[in-house]
Structures are given as structure tokens and as C-alpha cells.
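Single-letter residue listing:
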Amino acid sequence: MVKHNIVNSPYTLKVKGKTVGAVKVDELVKAGGKYRIEGWVSALDDNLSLDIRSGDILINTTFSHKIRNDVAQSMQASNPALLSQGFLLDWEDSELTVSKGALELVCRFGSGMDPVTFTLPDVTTFTDTTERLPETSSIDGQVETTSQTLLPAFLTSANWQTPDPLKAAAHIDSFGLIPSRCGLMAGWMVAQPGWEMWGVDSQGNVLNLASALRYQREDIVSLFRDTFGQRTVDAGFVTQWPYPISITDTVGIVAYHPESKRAFEVMRNQAVEVPNEPEGYARWAFTVPTPAEKFNERLNGWEGELIETMLAERSRAFSHDEKAPDVMTLGKVPESPDISLIIPLYSRWDFVEHQLLAFSKDTTLLETTEIIYVVDDPRILTAISNEVENLHRLYNVPFKVVWGHRNRGFSGANNLGVSVSRGRQVLLLNSDAFPTSPGWANQLSTLLDENPQYGLLGARLLNPEGGLQHAGMVFFYSQSWQVWLNKHPLAGLAPELDDVPEGAQIVDKPAVTGACVIMQRSLYDQLGGLDEGYLIGDFEDSDLCLKVLSEGYQLGYVPGVSLVHLERQSFSSLGDTSFRTLVVRFNAWRHTKRWGKQIQSVMQSFS
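Predicted model only: the values in this text are computed from it and were never measured. (Residues numbered from 1 in each chain as written. Predicted model: local features only at pLDDT ≥ 70, side-chain atom pairs only at ≥ 80, totals over all residues. Heavy atoms only, no water.)

### Some words on the overall build of the protein chain
A count of helical and extended segments in the protein chain gives 13 helices and 33 strands. A globule of 607 residues ought to have a C-alpha radius of gyration of about 25 Å, yet the protein chain, at 33 Å, is considerably larger. In terms of principal-axis extent, the alpha carbons of the protein chain reach across some 100 × 50 × 45 Å. The proportion of buried residues among the 607 residues of the protein chain is 53%. For the protein chain, long-range pairs separated by at least 24 residues make up 75% of all intrachain contacts whose partners lie at least 6 apart in sequence. Treating the 51 positive side-chain charges of the protein chain as one cloud and the 73 negative ones as another, the clouds have centres 4 Å apart. (Helix = DSSP H or I, 4+ residues; strand = E, 2+ residues; numbered from the N terminus. Rg over C-alpha atoms; globule rule 2.2 N^0.38 Å. Buried < 20%, exposed > 50% of the residue type's maximum accessible area, 1.4 Å probe, protein only. Contact = heavy atoms within 4.5 Å. Lys, Arg positive; Asp, Glu negative; His and termini not counted. Charge placed at Lys NZ, Arg CZ, Asp CG, Glu CD.)

Structure (C-alpha cells):
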């Protein structure tokens, strides 16, 4: 018996002044009738053993290992020949009913070496946790929680050994799982020539990680350059886990040497559950690091189709359970309006008063237009409901407030507003856009009626300081993102620099922004409205423009109608910049996949 507290500090075994073994217990935990000891051990060969004993009774434990690069690097200085690994020793509460005496850890550091015994704390002092202890294998040195009978033949017949960090090293930094669907795994891995790296889950599914998206990790280069040299290039990886496993399953990384048929498990990780819902999944998945130039590889490889599928599933589910919208009418709206003005409200609704003030000064608009505000955010519903009557009395502007029982996004909110509208024309307006003079809506309406070759017309938008924000949109191809993007070519310039042909009321454009557009209701319905398959909000307006063009209509910009647009006041509430950027990238990817060839043709016609 060695009188050394291996919970407080490592025990080091030396022979002739040279370290030949070391062991340390890091944690002692219990949960749900199970006990676990976690720590690390270093030895000269893989014939080490770790046992738990109580008196003369050997407790039946399960042993599993995991890579501990921190320990391996630390012990290399003591003796480069040492092999280091983390360990887990688990046993059931029933094992203690026949035990006698204090708990002891018996460690044999290798073949031909005498065991070293340490006294352990009483189980009553183990940390009690409410979390379930992940299952571990009862087979020393084999793949934890994966039955050998479940593995493919090449791994079933492999010669399993303890981990060798000089041959292969890896770590799973993130593993998110949509239970019974698929997962996303990311981390790093390095291996010597001849060694393959495989993902293996506890159901026996395997994935050759050579197929994973790879990228440079300078931190891994710095840590492992001396051991793995050029093999540290592109050590980072991201991959889909395509198998429908459960949240109780685990995924590990196995190093396999085909020539010698040797194999060992490098590490194993339990998943965190992520939402089976497009926005929730994206908020988690988009935090998984991927270089900007590699993000499209993820979308093309698996993630774009996955998010598209989840968006379609959500839409079908909502359609199945759809409730009729609540409609509140304030004042006497026109019975047979020419125009239905649709204004979605998300996050902010304080601009409503500013718009109503402008509308109250526009007699023609009030006579010909029904104004419909669509509440698209449950967080603001109560505040709006409590205030709209006061706003109506104050400005004497009739309007409707529509609530669709959920957040639908820009497209869904506009589509809902149109579905309850009665006008023969649909005018879509952002809640942070304000007309600069009366008659604007009817001017757009008249031009649309007089020029039936135009399927959609957009207004000029100005920044609050007076500079141009929108005078028509163009598409440009981003080589770095490998997608078509929308661009406002005159943004920030003075309105006088908008080169409009003399006398032109409508100017042909490749696209116009959806912040203020008008089209015939019949065409809107024919095209199916705005596409609700984009994530959160982006590219729906240019998607609508391309649908209009595909039906043989032209797109027009009306420079004689100006509004001030504050731009993206609600979109800023969606989260940090990096998340919003990746949302844009997904939507651009989807937009390009759908319309890329037509966009190229459209831009050639304007060149």
C-alpha cells in the first residue's frame, strides 16, 4: 500500500531515477446508482491494468479510455517512451453490497511490474450529480459503447490496442445531434502516414473522416508540429453525422492501420441535442467554426439541403395546424380598395405612428387604399393591441391589424397580409419606410395600370440624410462566396447622380428592393406570393423579381416616387453579426441554386 493521495496530486513511479509510470485521479462522481472514477495514467507499454478493490473483494468495473494530449505532452518531458491516456472506471451500486473495507485503486504499470495500491476516499464523499453518467464498454481497449458485433468487418477483425498519441491524435470539439435524424461533428485530427481516421458511433455506424471538410488549425500545428510535421496541415474538420442515432448514443474517433490491422479509439464524445427546427438548428450549427471560404462547401455537402428540408417541414406542419388570423379593424376602411398596403411588424413597432402621421396627410391614399399592419412578433402583440385604438383616434387613419398566431418572417407576414386583403393591387411596404410627399401610392398604382408590361414596380428609397439607398438593384457574382449577391449600385450617392433618362417615369432594372414594391394582386397570387423557403429574411424580394421576369414581365424603378428608409431596423435584433452573415450566406446559396442561370442571363441583357 502506497501512502499517497492520488486525488490531490499524481503518483510517479521511478526506476533508477527514470519515470516509468504515473497515475492521477481527477474526479470521483456518482449518479443514479452508478459510480465513476476519472483520471489519467502513463506507462511504458499497453499491458497496464487498473482495478478497484474493497478488502479482498475485486469490484466488477468497466474500463474505458480517452485521449489526454495535455498529459501526453507533459509526461514526454519525463520520459518520451511513456504512453499516456485518460481513463474512466465505472461500477454499479450493487457491487458495493458485498464489499468489505475501504476502496483501493490497484494499478499495474506494465507487464512484469508489481501492482501499486492506493487508498481512495469513501464513496459517500463522491460528488453527487443529477446528470446521467454516459455508458462505457466493459471490454478493455475496445471501442467504448460499441458492440464488436455491430462494427463493420474490417474493425471487427482489427487488433485493438491502447491509444498511441504518437500515431494519431484527435478531439471532437462539437457534436450536435438532432435525435433520430443526423448530427454535426467538428474538431481536429492528425495521424501518421498509413493511419486512417474513422468516426464510429455506439450503434456500429462508421464514417471515413477522409470525407470531412478540412481546414487549417494553427493551434494544432503549434501543438503537434514536432510529432506529426506536415500532417498537421488542415487538421481541423467539420462533417455531418448522417446516421439517425439517439441522444444516449456516443460517437468516437478510431485510428485504423489497414496494413497491420491495428486499431485504437482516440477519443469519444456524447452529443448535445440541437433543435429539429431550421432557425434553432442554424443558430447552433453556424457557431461551429468554418473558414469563410469553406462555408459553401458545408452548404453544398449537406447543410444547405438539411436546412431547406427543415424549412419545408416546418411550413407543412404550420399549414396543417393553421388557425384563421385575428383581424382587428380600426375605423372605416374602403370597401373596394384599389390598393392593399401591407406592412409587416417585427421587433419594433414604434414607427407605426410616424407612418400614420404621413398617411393622415394623404387624402387620395385614404380613399383608395386599405392599410394592413401584420404583427409578426408575439413579443410586441400586447403593446400594439393596447395602443392601436389611441393611434387611430389621434390620426384618424383607418387600418387593420392582423395577427397570424406565430412569427412567419418577411415572406410569410406579407403573404398573410395579402391573404386577408381586398385590393386589386398589392403594395408591400417596410415598417421603417416613410413617404416624402402625398400621392406616392396612387402614383405607383397609376403607372402600374398604364404600363401592363411591368409586373412589378419599385420606388426610390433615400437614406435619412438624403443620399440614395435604392434606385434599382443589380446582381453580382462573389468569387469568394461562390454565389450571386444583390447590390444597390448607387447607394450613398446624391440623388442628382441617378442618371434617369429625360422624361422617363419608369426605368427598367434587373431587380428592385421589396421595401416598397407594387404589383397586381392577380399576378401575386399566380406566382404564389413571396417564397417562404428562405431563412429568417433575405433575398425574398429578388426571388419575387426573378419569378416576375420568368413570366415574361419587366421590372421597373420609379424615380419620381421617393420614400425615406431607415433599413434593417428589425433585422438587427436577430443576433450577432456573424450569425446574420451566415444567414445571408445560406439564403444567397439557396437563391443562387434556384436562379443562378437566369440571373446570369438577366445581367447579360443589362450589360
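### Description of unusual backbone geometry
In the Ramachandran plot, lysine 16 falls in the positive-phi region, its phi being about 55° despite a non-glycine side chain. Among the secondary structure elements, lysine 16 is positioned in the loop between β1 (11–15) and β2 (18–31). The exposure class assigned to lysine 16 is exposed, which follows from its relative accessible area of 87%.

### Concerning the side chain of aspartate 249
Counting through the fold element by element, aspartate 249 comes out in the loop between β17 (236–241) and β18 (250–257). One buried charged residue, aspartate 249, forms no salt bridge at all, with the nearest opposite charge on arginine 268 at 7.8 Å. Here the side chain of aspartate 249 touches serine 202 through a polar contact of 2.8 Å, side chain to side chain. At 2.9 Å, the side chain of aspartate 249 and the backbone nitrogen of serine 246 are in polar contact. Sequence-distant contacts of aspartate 249, that is, excluding residues within four places in its chain, are made with Ser202, Gln203, Gln270 and Ala271. (Salt bridge = Lys/Arg side-chain N within 4 Å of Asp/Glu carboxyl O. Polar contact = N/O pair within 3.5 Å; in protein donor to acceptor, adjacent residues only side chain to side chain.)

### Brief notes about the packing of aromatic side chains
Enumeration over the complete set of coordinates arrives at 16 aromatic pairs. Measuring from ring centre to ring centre gives 5.4 Å for tryptophan 195 and phenylalanine 264, while their planes differ by 55°; the resulting arrangement is tilted. Taken together, the residues tryptophan 195 in the loop between β13 (182–191) and β14 (196–201) and phenylalanine 264 in strand β19 (residues 262–270) connect sequence positions 69 residues apart. The residues tryptophan 195 and phenylalanine 264 share a single accessibility class, namely buried. For the ring pair phenylalanine 224 and phenylalanine 228, a centre distance of 6.0 Å and an interplane angle of 65° mean the geometry is edge-to-face. In this pair, phenylalanine 224 and phenylalanine 228 are both assigned in helix α3 (residues 218–228), 4 residues apart and thus about one turn of the helix distant. Looking at phenylalanine 228, the relative accessible area reads 3%, which means it is buried. Aromatic rings pair up to connect Tyr35, Trp91 and Phe126 into one cluster. Of note, lysine 487 hangs over the ring of phenylalanine 476, and the distance from its end group to the ring centre comes to 5.8 Å. Arginine 590 extends its terminal NZ or CZ atom over the ring of tyrosine 534, reaching a point 4.5 Å from the ring centre. (Phe/Tyr/Trp six-rings, centres within 6.5 Å; stacked < 30°, edge-to-face > 60°. Lys NZ or Arg CZ within 6 Å of the ring centre and 35° of its normal.)

### Digging into the sheet that holds strand β5 (residues 57–58)
Taken in spatial order, the 4 strands of this open sheet run β5-β4-β8-β9, and their pairing is antiparallel. Every interior strand has two partners, whereas the edge strands, β5 and β9 (116–119), have only one. In terms of strand pairing, strand β8 (residues 103–108) meets β9 through 4 bridges, oriented antiparallel. Across the sheet, glutamate 104 pairs through a bridge with threonine 119, a residue of β9. (Pairing = 2+ DSSP bridges.)

### Things to note about the confidence of the model for the protein chain
A residue-level look at the protein chain finds 94% of positions with pLDDT of 70 or above and a mean pLDDT of 90. Throughout residues 136–149 the model reports pLDDT below 50, and contacts reaching past four residues in sequence, or to other chains, amount to 48 contacts. Every residue in residues 569–577 scores below 50 in pLDDT, and together they form 19 contacts with partners more than four places removed in sequence or on other chains. (pLDDT = per-residue confidence, 0-100.)

### Quick word on the nonpolar core
If you look at the biggest cluster of nonpolar residues, it comprises 67 residues, and the most contacted ones within it are Tyr281, Phe286 and Leu456. For this core, the element with the highest residue contribution is helix α13 (residues 577–605), accounting for 11 residues. Within the second largest apolar cluster, 40 residues are counted, among which are Ile343, Leu365, Leu444 and Ile518. (Core = buried A, V, L, I, M, F, W, Y, C linked by side-chain atoms within 4.5 Å.)

### Some remarks on the pattern of salt bridges
Within this structure, the stated rule accounts for 28 salt bridges. Between lysine 593 and glutamate 308 there is a salt bridge, with its nearest N and O atoms 2.5 Å apart. Highlighted residues: lysine 593 in helix α13 and glutamate 308 in helix α5 (residues 295–320), separated in sequence by 285 residues. When the shortest N-O distance is used, the salt bridge between arginine 406 and glutamate 322 registers 3.4 Å. On the criterion of sequence distance, the pair formed by arginine 406 in the loop between β24 (399–403) and α9 (409–419) and glutamate 322 in the loop between α5 and β21 (326–330) is long-range, its members being 84 residues apart. For arginine 406, a relative accessible area of 16% translates into the label buried.

### As for the sheet that holds strand β20 (residues 272–273)
One open sheet holds the 5 strands; their spatial order is β16-β17-β13-β12-β20, and the pairing between them is mixed. The sheet is open, and its two edges are formed by β16 (213–215) and β20, each paired on a single side. Inspection of the sheet shows strand β12 (residues 168–178) paired to β20 by 2 bridges, in the parallel sense. The partner of glycine 176 across the bridge, within β20, is valine 272. The sheet strands contacting helix α4 (residues 278–285) are β12, β13 and β20, and the helix crosses β12 at an angle near 160°. (Axes fitted to C-alpha atoms, helices over the stretch in contact; angles between N-to-C directions.)

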